[in-house]
Amino acid sequence: MGGGEPRGSARSLEPLACALSETAWTFLPNRTVVMSGSEKNGPRTVMLRGGAVSVEGAKRHFGSVKALDGVSIEVAAGEFLALLGPSGSGKTTLLMTIAGFEMPDEGRIIVDGRDVTGFAPNARNLGMVFQRYALFPHMNVRDNIGFPLRMRGIAEGERRKRAEAALETVGLEGYGDRLPAQLSGGQQQRVALARAIVYEPPVLLMDEPLSALDKNLRERMRLEIKRLQKQLGITVIFVTHDQEEALVMADRIAVMDQGKLVQEGGPRALYERPANAFVAGFLGETNFIDGTMEGLEGEAGMIRLSNGARVSGRAPAGLTGRARISVRPEYIAVHTRKPEGFSMEVRLQEVIFAGASTIVLAEAGLAEPINIRVASSAALDGRLPGDPLWLTWRSDDACLFAA
Amino acid sequence: MPASLQHEALMLAQPVSDDPRGFSLRQSLLLAAPAVLCLLAFFVVPLSTLVEQSLTSPRLGLQNYVRALGSDLYLLILWRTIRLAAIVTVLALLLGYPVALTMSRVSGRVAGLLAICVLIPLWTAVLVRAYAWIVILQRQGLVNEALLGLGVIREPLRMLYTEGAVILATTHVLLPFMILSIFSVLRTIPPDLDRAAANLGASAFATFRHVTLPLSLPGIYSGVLMVFILALGFYITPALLGGPETLLMATLIGQQTTETLDWGLAGALSVTLLVITLLLVGLFGRVLRLEGKG
Amino acid sequence: MQGIHRRSVLSGLGFGAGALALGGSAGRVFAQGEELVVVATGGAFEKALKDHFYDAFTQATGIRIRPVAASNAETWTKLRAMQQTGRVEWDIVTAWPEDLVAQAALLENFDCAKISSLAAQAVDNACTGRGLLRTLGAVTLVHDARKFPNGGPTTWAEFWDVNRFPGPRTMPNAGAPWWPLMAALQADGVDKDKLFPLDLDRAFAKLDQLRPHITVWWRTGDQSQQIFRSGEVSLGMIWSGRAFALQKEGMPIQVSYAGAPPNTALWAIPKGARNVQASLRFLDFFTGRPEAHVPFSDAVTFDTLNKVALSRLTPEQRKDRVTTPENSRQLAQMDATWVAENRAGLLDRWNRWLAR
């Protein structure tokens, strides 16, 4: 094998790229969706208008725990925002605060230009999909979907029509008479979705709605929800702890940690330009290596690692002293001969085949081996553990943070 | 009797699932044997003796039933018993439901505290509770002293040895059964359903009416059934807190057994009460099954 | 003490706690011949019996006594059940005069001559063969003097006068409906010596008048005391012994023997009892101990059959007793035979009347 090729980041993001190419196809500016309804009355047109949401300085603490520590965020009309973070980061509290199930100690919630901070949940007119769907087990699917319409005083006949239309939207025509217990998890999920959109709320809140589904179904539903969101033009705020889910589905991701909003931005921007080590570590896989700053040149910084190697990455202005570099496994190029310029010499430790890609673990005299991901087609045939390898990455692909 | 009723109520509340990993028939029979033997020894045999007595004492025939059902007094007492059991059941439901609802809604520690408050009376002897009510309700008891002190009344009210006292104390004794059977169903309702309803535009009342209440019906049915049936056969509390005007079926049967020694009539009255009880259980079961299908 | 003893006997024989749980019958098999089961009405009365007679009897003869509490009605029900099953567990029971007739079939007809101390110690006619006189009292009209500062009712006619003597009343529902009926007839003007045969229609009609004012129909002696202590009632018809017990507690309870039905209790031996000889020894022991009867009768404020003890009482002690001439001549006359013959129908009518 003639040595690894340095690989571009676009290739390593293949799954994401696929997802985007499938979902970014229709963005309807007027958000008018034609839903087929009762033939008698002709096609029924649902006018959905996504509403903007803005959270201003929301604080909420439970005892000494600061669940929300001054969070401000703007969500544009029709935008799909993912709230991403580990458990306890405050993302669910933020969602519940928007929904009205939690009252903020401080701050305001504005939906569609309306300050709803003091409103009861039932006065906010927001759609919501719960983690475990929260379908009413004693009502059939039609009555479940008709429930919000009934609460809005809409007559029986009209409720039926709109429930059927909503069922059609989620691909469950003819399931109206079933009880929730007679449906699969995925079908229940769709009913929950239909119920949340049937009254045409400007904003749809989703609380880890896919976490109860198995992997295959989960991946299918991601795309379907994304498609529906674009089709309806509804604003979605989607809570998840699954970074892949956030990357695939969201227009924009807000990463939360310890009650604070750490970083927000497009999926790609967050992945490639994490604002700090937490985001870098939480979003995707990365190698963290500690060292000491040796110099800064514009955006590029040089760091000396404990094994003596000098490597570079993008650094914030004024970074000196102890620092940490983060470099993603797929951004590292593996060479079997020493290349020109800066490189780090390592020894091959293990090669692990993982389907489309192969994981290479390299011993570099550091605390932990370096984790590298290469295309399986470019695997290191014939190399044995202990053989020397040289690693390089583009300075722009690695990030330096204060340690 | 209470234990078997409780079991019946639980069966009604939660249909037993057919677990394929369960015991074999023979193993099951073996496991059930002690309970079946106990039932035979302590329930079936005495019951057959009772039925036999009612048909043969003092001679073969239905004369005891003619006396039991032909007497306007016994019919009055039967009606009084059913009426009192119904009032107690309604009161227990009205008082117990909010408690059960609160228990199912509050956090762990508060729920535990509430559960203890509900259970302590259950663990206290019925006799002790009856005497406590005597202390509270008597002429110079807590209630009268308080009302006199506040100037609400000038003469002490007669509360003890009245139907009101019996209803109050019986409700108090049976309330935990209602609370626990409703609570056991309420706590299985995911809290998300409340939130979902609120989110979908339902007011607190609408949420209760359309979601919580219908979902808690099995608990209400079993609680109502249990309390009603236990109240039908209540003995100690009415005997201690009631007067002769509140003579109920159980006391009447006791009187026939220990005072007038009319065991044939006692048997006939017992069988009558038993049949009414079974009819009600059947009726409730039917309602519940229909509800389950709907 | 007895319980501990029996337990050690049982465990010595290899019986565990389970055997104890079977109750008296298992223990009786081993204790036969050395234990008597004596049925009385329980409570403080039974304790006085134990203190003054049971313990001394055990000391003198080695025969233990196991006290069992039962109401009059329970006594006959259970005894009948025991005789039907052929195992009579009780050796001595407490009977009322009418029971000696009404329950004659359940009672042993013993030889009064076996009670050797009878002639020397007992009042006349204390032994009938089916029963031996035990205690003498009455069902008296009592009132709480604090509620009637100008004097309370002393006759049944006054007891019925709710205008002159207002206040919540109590009457017995303790298995002997003839007591309130006898009071009612007197209130309606019938002479205390001419009450029998009872005119039931007239008696019940009179009771109907008073019924709204009777707030408690007491069922046990303890209950009759309690409702006076708690102020639940101000006046009523209760056993004399219980009334004097309240006096001893310091309550200003006034007792009137006027027209009071006598309340006499007797010892009787059930037919089929297994220790008749030992039972007779106890009855003899009970009869012939004046030194015990003095404190016993003082403790329970009942008179007893022992005439020697009666003579030893101080005038102060005697004045409240039912057997003093002043008191006994006020008592109503009772026809135990009529009561025995009409008991079942009377109870039925009483229960029906009460239940309405």
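Caption draft 1: Quick look at the packing of helix 4 (residues 72–105) of chain B against helix 5 (residues 108–123) of chain B. Residue and element names in this part refer to chain B. Packing of helix 4 against helix 5 brings their axes to within 8 Å, and their N-to-C directions diverge by 150°. Compared by their axis directions, helix 4 and helix 5 come out roughly antiparallel. With respect to the hand of their crossing, helix 4 and helix 5 are arranged in left-handed fashion. Of the residues in helix 5, those in contact with Val-99, Thr-102 and Met-103 of helix 4 are Ala-111, Leu-114, Ala-115 and Val-118.

Caption draft 2: Spotlight on the interface of chain B and chain A. Every contact between the two is made by 17 residues of chain B and, on the other side, 23 residues of chain A. Where chain B abuts chain A, roughly 1,700 Å² becomes buried across the two surfaces, and 66% of that area is made up of carbon and sulfur atoms. Together, Arg-195, Asn-199 and Leu-200 of chain B form the three largest contributors to the area buried by chain B at its contact with chain A, with a combined 41%. In this assembly, chain B and chain A are joined by 0 salt bridges. Linking chain B with chain A are 6 residue pairs in polar contact (both at pLDDT 80 or more). Of all the secondary-structure elements, those providing two or more residues to the side of chain B that touches chain A are helix 9 (191–199) and helix 10 (204–232) of chain B. Considering each element in turn, the side of chain B that touches chain A owes the most residues, 7 residues, to helix 9 of chain B.

Caption draft 3: Representation of the interface of chain C and chain B. Across the boundary between the two partners, chain C contributes 28 residues, which contact 23 residues of chain B. Of the roughly 2,400 Å² buried between chain C and chain B, counting both surfaces, carbon and sulfur atoms make up 50%. Broken down residue by residue, the surface that chain C buries against chain B is led by Glu-232, Ala-355 and Arg-356 of chain C, which jointly contribute 23%. Summed over the shared surface of chain C and chain B, the result is 2 salt bridges. Arg-211 of chain C serves as the salt-bridge partner of Glu-245 of chain B, at 3.5 Å between the closest nitrogen and oxygen. At the junction of chain C and chain B, the tally comes to 4 residue pairs in polar contact (both at pLDDT 80 or more). Among the elements of the structure, helix 5 (72–85), strand 6 (214–218), helix 11 (221–229) and helix 18 (336–355) of chain C are those that each provide at least two residues to the side of chain C that touches chain B. For the side of chain C that touches chain B, the leading source of residues is helix 18 of chain C, giving 7 residues. For the side of chain C that touches chain B, the class distribution of residues is 11 nonpolar, 7 polar and 10 charged.

Caption draft 4: Fine view of the confidence of the model for chain A. Counting all residues, the mean pLDDT for chain A is 85, and 88% of those residues have values of 70 or more. Between residues 1–47 of chain A, whose pLDDT stays under 50, and residues either more than four places distant or in other chains, the model counts 75 contacts.

Caption draft 5: How the structure looks around a nonpolar patch on the surface. Residues Val-36, Leu-37, Leu-39, Leu-40, Phe-43 and Val-44 of chain B make up a contiguous nonpolar surface patch of about 510 Å² in total accessible area. As for its position among the elements, Val-44 of chain B is in helix 2 (residues 25–56).

Caption draft 6: Local environment of the environment of Arg-349 of chain C. All names here are of chain C. Relative to the helices and strands, Arg-349 resides in helix 18. We classify Arg-349 as partly exposed; its relative accessible area is 32%. Not counting the four nearest positions on each side in its chain, Arg-349 is found in contact with Leu-200, Asp-201 and Phe-204. There is a polar contact of 2.7 Å between the side chain of Arg-349 and the side chain of Asp-201.

Caption draft 7: Seen up close, the state of the cysteines. All names here are of chain C. Taken as a whole, this structure holds 1 disulfide over all chains when the rule is applied. The side chain of Cys-112 participates in a disulfide bridge whose partner is Cys-127; the two sulfur atoms lie 2.0 Å from each other. Handedness here is read from the sign of the S-S torsion; for Cys-112 and Cys-127, about -80°, the answer is left-handed. Within this pair, whereas Cys-112 is found in the loop between helix 6 (97–102) and helix 7 (118–121), its partner Cys-127 is found in the loop between helix 7 and strand 4 (132–144), the two being separated by 15 residues in sequence. Since its relative accessible area comes to 16%, Cys-127 is described here as buried.

Caption draft 8: Focus on the side chain of Thr-81 of chain B. Residue and element names in this part refer to chain B. In this fold, Thr-81 is placed in helix 4. For Thr-81, a relative accessible area of 1% puts it in the buried group. Leave out the neighbours within four places in its chain, and Thr-81 touches Leu-232, Leu-248 and Met-249.

Caption draft 9: How the structure looks around the pairing of strand 3 (residues 53–62) of chain A. Residues and elements named next belong to chain A. The sheet contact formed by strand 3 and strand 4 (residues 65–75) spans 8 bridges and is antiparallel. Paired with Lys-59 across the two strands is Asp-69, which belongs to strand 4. Taking the residues between adjacent antiparallel strands as the criterion, strand 3 and strand 4 are bridged by 2 residues, where Gly-63 takes a positive phi near 65°. Across 5 bridges, strand 3 lies against strand 6 (residues 106–111) in antiparallel orientation. Its bridge partner being in strand 6, Val-53 is matched across the sheet by Val-111.

Caption draft 10: View of the sheet that holds strand 20 (residues 370–375) of chain A. All names here are of chain A. Taken together, the 5 strands give an open sheet; going across it, the order is 17-21-18-19-20, and neighbouring strands pair in antiparallel fashion. Each edge of the open sheet carries a strand with a single partner, namely strand 17 (333–335) and strand 20. Strand-to-strand twist across the sheet, computed as the mean angle between neighbouring axes with direction ignored, equals 45°. As paired strands, strand 19 (residues 357–363) and strand 20 are joined by 6 bridges and run antiparallel to one another. Opposite Ala-362, over in strand 20, you have Ile-370 as the bridge partner.

Caption draft 11: Broad picture of the side chain of Arg-218 of chain A. Residues and elements named next belong to chain A. By the secondary structure assignment, Arg-218 is in helix 7 (residues 215–232). Of the side chains with opposite charge, Glu-245 comes closest to the buried, unpaired Arg-218, at an N-O distance of 4.4 Å. Non-local contacts of Arg-218, meaning those with residues more than four positions away in its chain, are made with Leu-210, Ser-211, Leu-213, Asp-242 and Glu-245.

Caption draft 12: Just the domain arrangement of chain C, in detail. All names here are of chain C. Annotation of chain C at the domain level lists domain 1 (6–136 + 264–314) and domain 2 (137–262 + 332–355). The C-alpha-based centres of domain 1 and domain 2 are spaced at 29 Å. Between domain 1 and domain 2, a total of about 1,300 Å² is buried, with carbon and sulfur atoms accounting for 60% of that surface. Its largest share of buried area at the contact with domain 2, domain 1 owes to Trp-96, Glu-98 and Thr-301, together 40% of the area lost on that side. Along the contact surface separating domain 1 from domain 2 lie 3 residue pairs in polar contact (both at pLDDT 80 or more). Those elements that provide at least two residues to the side of domain 1 that touches domain 2 are helix 6, strand 4 and helix 14 (290–300). Classifying every residue of the side of domain 1 that touches domain 2 by side-chain character gives 8 nonpolar, 5 polar and 3 charged.

Caption draft 13: Focus on unusual backbone geometry. Backbone torsion omega between Ser-57 of chain B and Pro-58 of chain B reads 0°, so that peptide bond is classified as cis. Here Pro-58 of chain B is to be found in the loop between helix 2 and helix 3 (63–70). Phi at Asn-125 of chain A takes a positive value of approximately 55°, unusual for a residue other than glycine. Here Asn-125 of chain A is to be found in the loop between strand 7 (114–115) and strand 8 (127–129). Even without a glycine there, the phi angle at Tyr-133 of chain A is positive, about 70°. Along the polypeptide, Tyr-133 of chain A turns up in the loop between strand 8 and helix 4 (141–151). Note on Tyr-133 of chain A: relative accessible area 6%, which makes it buried.

Definitions and cut-offs
- Residues numbered from 1 in each chain as written.
- Chains lettered and ligands numbered in written order.
- Predicted model: local features only at pLDDT ≥ 70, side-chain atom pairs only at ≥ 80, totals over all residues.
- Heavy atoms only, no water.
- Axes fitted to C-alpha atoms, helices over the stretch in contact; angles between N-to-C directions.
- Helix = DSSP H or I, 4+ residues; strand = E, 2+ residues; numbered from the N terminus.
- Parallel < 35°, antiparallel > 145°, perpendicular 65-115°, else oblique.
- Left-handed = near helix turned anticlockwise from the far one by under 90°.
- Contact = heavy atoms within 4.5 Å.
- Buried area = accessible area lost by both parts, 1.4 Å probe.
- Salt bridge = Lys/Arg side-chain N within 4 Å of Asp/Glu carboxyl O.
- Polar contact = N/O pair within 3.5 Å; in protein donor to acceptor, adjacent residues only side chain to side chain.
- Nonpolar A, V, L, I, M, F, W, Y, C, P; charged D, E, K, R; others polar.
- pLDDT = per-residue confidence, 0-100.
- Patch = residues over 30% accessible without salt bridge, like charges linked within 9 Å, V, L, I, M, F, W, Y side chains within 5 Å.
- Areas by Shrake-Rupley, 256 points an atom, 1.4 Å probe, with all protein chains shown as cover.
- Buried < 20%, exposed > 50% of the residue type's maximum accessible area, 1.4 Å probe, protein only.
- Disulfide = S-S within 2.5 Å.
- Pairing = 2+ DSSP bridges.
- Lys, Arg positive; Asp, Glu negative; His and termini not counted.
- Domains from an automatic or database assignment.

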